[in-house]
Structures are given as structure tokens and as C-alpha cells.
Amino acid sequence: MTEFSHLNQNSQPSMVDVGGKKVTHRKAVAQCIVALPEEVLEALQKDDFKTKKGSVFQTAIIAGIMAAKKTGDLIPLCHPLGLHNCEIDVKLNGPKEIIIHCTASIEAKTGVEMEALTGASVAALTIYDMCKALSHDIVIKEVRLMEKTGGKSDFQRQ
């Protein structure tokens, strides 16, 4: 097993030193699934996914992008990054689920996995926030990295 990356030689928390790394094109894709009770899905579909607070999907997309850009402020040992691109895709996946994909990319010395995971997570939380008046049985599940490229090793979930 590899050692934890965010500990220094004294086993204290530490930001990873990326000073000696090469700048490469980095990309990460994260996914999050939101399971909706039937009454919530019916109410949303009836009004074309709009509520008194606004369009559920559009608001979730904007919130996810904003969160991905602020990841370095939210996760203590993440490097602050100026993303080159961040895209959130929100769509129905089956009868009672919404699937969210967040793709983040940058030319940098460090990856953007945490930015993609944060973007997908906050988009899901936004959907919950906008729909919670209808039910508290909404479930956010399976926040996971689907793909990363451009670093020491690439990864793609099958």
C-alpha cells in the first residue's frame, strides 16, 4: 500500500509539495446520484423541473460550478486552483434517480479530482435543498470518481 500523501515526515498534516512536478493537462470526472421519492419526481416533472426557487437543474449546475471553483477554500489541504473548465451535467437516470457528472480540467502540477467531487456533491445538495419541502426522503448516494487523467497515473472506472 502507498503511504498517505498529506502527512509530513513527522506524521503531521501537510499540503503536498507539487513544486517539482511537471505541468500537464489534468482532467477529472466525478459522479453523484440523487434518489427521489416518487411524489417529488412527479411534482418536478409536472412543472418541467422548475420550483418557486427557480429551475432545479440549472440552479444545481451553477452551484456545482461555484463549489468546484472554491474547493481549495473548503478542503483544508487542497491546493487553490484556477480551473480552466468545469462542466456539470444533470439528467434523469431511470425512473427515480438524477445522475450528476462534474468534469473539471486544468493545466497544472496537481490534479482536479477533489474539484470534480466537490462540484458533483454540491450540485446534489442543491437539488436536495430545492426539493426538501416536498420530502425528506431524498437520498444522495454514490459520490465517486469516475475518471482522472494527466497525473502520475490515469484512472477510469468501468
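Structure shown above.
Worth saying up front: this structure is predicted, and the values here are computed from it rather than measured. (Residues numbered from 1 in each chain as written. Predicted model: local features only at pLDDT ≥ 70, side-chain atom pairs only at ≥ 80, totals over all residues. Heavy atoms only, no water.)

All told, the structure shown has 7 salt bridges when counted by the stated rule. With a shortest N-O distance of 3.7 Å, Glu38 and Lys96 are connected by a salt bridge. With Glu38 in helix H1 (residues 38-46) and Lys96 in the loop between strand S4 (85-92) and strand S5 (97-108), this pair connects stretches of sequence that are 58 residues apart. Linking Glu97 and Lys141 is a salt bridge whose minimum nitrogen-to-oxygen distance equals 2.9 Å. (Salt bridge = Lys/Arg side-chain N within 4 Å of Asp/Glu carboxyl O. Helix = DSSP H or I, 4+ residues; strand = E, 2+ residues; numbered from the N terminus.)

With that settled, consider the sheet that holds S4. Within a sheet, each strand pairs with its neighbour through backbone hydrogen bonds, oriented either parallel or antiparallel. Judged by pairing direction, the sheet is antiparallel, and its 5 strands sit side by side in the order S4-S5-S1-S6-S7 without closing on themselves. Here the strands that pair on one side only, and so sit at the sheet edges, are S4 and strand S7 (155-156). In the sheet, S4 pairs with S5 via 8 bridges, with the strands oriented antiparallel. In the sheet register, Ile88 faces S5, and the bridge partner there is Cys102. On top of the sheet, helix H2 (residues 56-69) reaches S4 and S5; it is set at about 150° to S4, its chief contact. (Pairing = 2+ DSSP bridges. Contact = heavy atoms within 4.5 Å. Axes fitted to C-alpha atoms, helices over the stretch in contact; angles between N-to-C directions.)

The next subject is H1. Buried within H1 we find Val40, Leu41 and Leu44. One face of H1 carries all of its buried residues, which in axial projection span an arc of 95°. Directly after H1, the chain includes Asp48, whose backbone phi takes a positive value near 55°. (Buried < 20%, exposed > 50% of the residue type's maximum accessible area, 1.4 Å probe, protein only. Arc of directions from axis to C-beta.)

By the secondary structure assignment, Gly82 is in the loop between helix H3 (71-74) and S4. Looking at Gly82, the relative accessible area reads 53%, which means it is exposed.

The buried count for strand S1 (residues 24-35) comes to 9 of 12 residues, which makes it a mostly enclosed element. Alignment of S1 against S5, held across 12 bridges, turns out to be antiparallel. What sits directly across from Ala35, in S5, is Glu97. Across 8 bridges, S1 lies against strand S6 (residues 139-149) in antiparallel orientation. Within S6, the position partnered with Val29 by the bridge is Glu147.

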